[in-house]
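Residue strings, one per chain:
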Protein chains: 2
Amino acid sequence: MCPHVLIPYKPVNPKTRLSGLLNQEERQAFARAMLDDVLFAVKDANYSPVIIATELYESEDDVQITVPDADLNATLNSILPTAVSPMAILMADLPLADKDALKRVFATEKDVAFVPGRGGGTNVIFLRDAAKFHVDYYGGSFAKHVKIAEDAGLSWEVIDSFRLHTDIDEKEDLVELMIHGKGKSRAYLESLGFYLTEEQGRVGIGRK
Amino acid sequence: MCPHVLIPYKPVNPKTRLSGLLNQEERQAFARAMLDDVLFAVKDANYSPVIIATELYESEDDVQITVPDADLNATLNSILPTAVSPMAILMADLPLADKDALKRVFATEKDVAFVPGRGGGTNVIFLRDAAKFHVDYYGGSFAKHVKIAEDAGLSWEVIDSFRLHTDIDEKEDLVELMIHGKGKSRAYLESLGFYLTEEQGRVGIGRK
């Protein structure tokens, strides 16, 4: 059986830190496009995506679990004790994800593997035995997850991938997507008129 | 013989985009600490570092070439035609670099391998035959380097590493160094009183 990859997903009013650049409708379409890119990578690597959505949404293809409240930690921690292992939890805002990076995560010889997000978050957690771990997202979660693994006596390592490290939350992150993206979410930004600009030292982003 | 790794290095008034946080003397000490971390990784991987410095500086250990002008492109392009290959060019502001990431770069089967920097730069270039390539740094150099490889008929790929992707230019980059760094440059920031803070969504940085 293909290992499961749980993907938390917020279909309504997501990515509020991009509100200065995208209205709510655009943010929702953009989040869906990023999810599609993530799903493509997961399926390309031969894993089974399971979407943990905060609201029921229309989709013919998605295998989804709908949870009534938005507390990501409580939801995941109710699922992990009986989840089929090994498995992974993958954020939905990683549109640079690809098969090779995911396979490197699953190839770990440790009990747990993490890919940290930009700014101290946790973008990917691989669990050889999900019942032995619990999650604690938000606010510097990478450091918290390392401590949880160590307190449980689990070996762990960081998988070194900028494709999985680059979560898309802020304007500067869109630059990375425009440079390195190949999927639907980059195409969606381009359809909205976003383009790369030359700024001092680093490439920036503009919108027509 | 161990492959050469060329490391451009600016000992005087470097990292001006950090001027709001560090004075010139601190920026110079910080750049040197980052170089030390990079040198540690290069030697740990059994490669031979060669520092291309814009000024002569005091060091008993460093193998250095001093170039009279600060034009990085002209300097490197005068060296590449006769450089011993395979080799690599590595930026000096990559204090998260480690042996494993560098070995993955050198393990490429392509003619050229890149690790892009945050914001469209080029942090690492591996060249199987240096004489066939020329560099064009600054202003979105990753896209330019891809074009140079393609125009020369060279196969290329991107090596997926956040450790080599994270160049330290701006305040937000210091957060990554404080979270993931293990060497001298993180210790130097701590000695100056820098510490991690909780901000909305991502971890920030403060100074006592």
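Notes on the structure follow. (Residues numbered from 1 in each chain as written. Chains lettered and ligands numbered in written order. Predicted model: local features only at pLDDT ≥ 70, side-chain atom pairs only at ≥ 80, totals over all residues. Heavy atoms only, no water.)

Right, let's get into the packing of aromatic side chains. Enumeration according to the criterion identifies ten aromatic pairs over all chains in this entry. An angle of 75° between the planes, with centres 5.2 Å apart, marks the rings of A:Phe106 and A:Phe126 as edge-to-face. Residue A:Phe106 is found in helix H3 (residues 99–106), and its partner A:Phe126 is found in strand S6 (residues 122–127); the two are separated by 20 residues along the sequence. Here the two residues A:Phe106 and A:Phe126 agree in accessibility, since each one is buried. Taking 6.1 Å as the distance between ring centres and 90° as the angle between the ring planes, the aromatic pair formed by B:Phe114 and B:Phe142 counts as edge-to-face. Of this pair, B:Phe114 sits in strand S5 (residues 112–116) while B:Phe142 sits in helix H4 (residues 141–151); the two residues are 28 residues apart in sequence, bridging distant segments of the chain. A relative accessible area of 8% places B:Phe142 in the buried class. Three or more aromatic residues joined by ring pairs make a cluster, and in this case those are A:Phe114, A:Phe133, A:Phe142 and A:Trp156. (Phe/Tyr/Trp six-rings, centres within 6.5 Å; stacked < 30°, edge-to-face > 60°. Helix = DSSP H or I, 4+ residues; strand = E, 2+ residues; numbered from the N terminus. Buried < 20%, exposed > 50% of the residue type's maximum accessible area, 1.4 Å probe, protein only.)

So, about the environment of A:Gly120. All names here are of chain A. By the secondary structure assignment, glycine 120 is in the loop between strand S5 (112–116) and S6. Residue classification places glycine 120 among the buried residues on the basis of a relative accessible area of 3%. Along the sequence, glycine 120 and tyrosine 9 sit 111 residues apart, while their C-alpha atoms lie 20 Å from each other.

What follows covers unusual backbone geometry. A negative phi angle characterises most non-glycine residues, just as the trans form characterises most peptide bonds. A cis geometry characterises the amide bond from A:Ser85 onward to A:Pro86, with omega recorded as -5°. The topology assignment puts A:Pro86 in the loop between helix H2 (72–79) and strand S4 (87–90). The backbone phi angle of A:Tyr138 is positive, close to 80°, even though this residue is not glycine. Turning to its location among the elements, A:Tyr138 is positioned in the loop between S6 and helix H4 (141–151). Its identity is not glycine, yet B:Asn13 carries a phi of approximately 55°, on the positive side. Within the secondary structure, B:Asn13 is located in the loop between strand S1 (4–9) and helix H1 (24–44).

Looking now at the sheet that holds strand S7 (residues 156–158) of chain A. Residues and elements named next belong to chain A. Ordered by their spatial adjacency, seven strands build an open sheet running S3-S2-S1-S4-S6-S5-S7, and the pairing between neighbours is mixed. Of all the strands in the sheet, just strand S3 (64–66) and S7 have a single pairing partner and so form its edges. Neighbouring strand axes in the sheet, compared pairwise and without regard to direction, differ in orientation by 20° on average. Where H2 meets the sheet, it contacts strand S1 (4–9), strand S2 (48–53) and S4, and its direction lies at approximately 160° from that of S1. (Pairing = 2+ DSSP bridges. Axes fitted to C-alpha atoms, helices over the stretch in contact; angles between N-to-C directions. Contact = heavy atoms within 4.5 Å.)

Contacts between chain B and chain A engage 33 residues on the former and 33 residues on the latter. Summed over the three residues of chain B that lose the most area to chain A, namely B:Arg118, B:Asp160 and B:Arg202, the buried surface amounts to 30% of that side. Linking chain B with chain A are twelve salt bridges, by the criterion used here. With a shortest N-O distance of 2.8 Å, B:Arg118 and A:Asp173 are connected by a salt bridge. (Buried area = accessible area lost by both parts, 1.4 Å probe. Salt bridge = Lys/Arg side-chain N within 4 Å of Asp/Glu carboxyl O.)

This part covers the packing of helix H6 (residues 171–180) of chain B against helix H7 (residues 184–191) of chain B. Residue and element names in this part refer to chain B. Between H6 and H7, the least distance of the axes is 9 Å, while the angle of their chain directions is 110°. Classified by the interaxial angle, the pair formed by H6 and H7 is roughly perpendicular. For the pair formed by H6 and H7, the contact residues are Leu174, Leu177, Met178 and Ile179 on the first element and Ser185, Arg186, Leu189 and Glu190 on the second. When grouped by side-chain class, the residues that make up the contact of H6 with H7 number five nonpolar, one polar and two charged. (Parallel < 35°, antiparallel > 145°, perpendicular 65-115°, else oblique. Nonpolar A, V, L, I, M, F, W, Y, C, P; charged D, E, K, R; others polar.)

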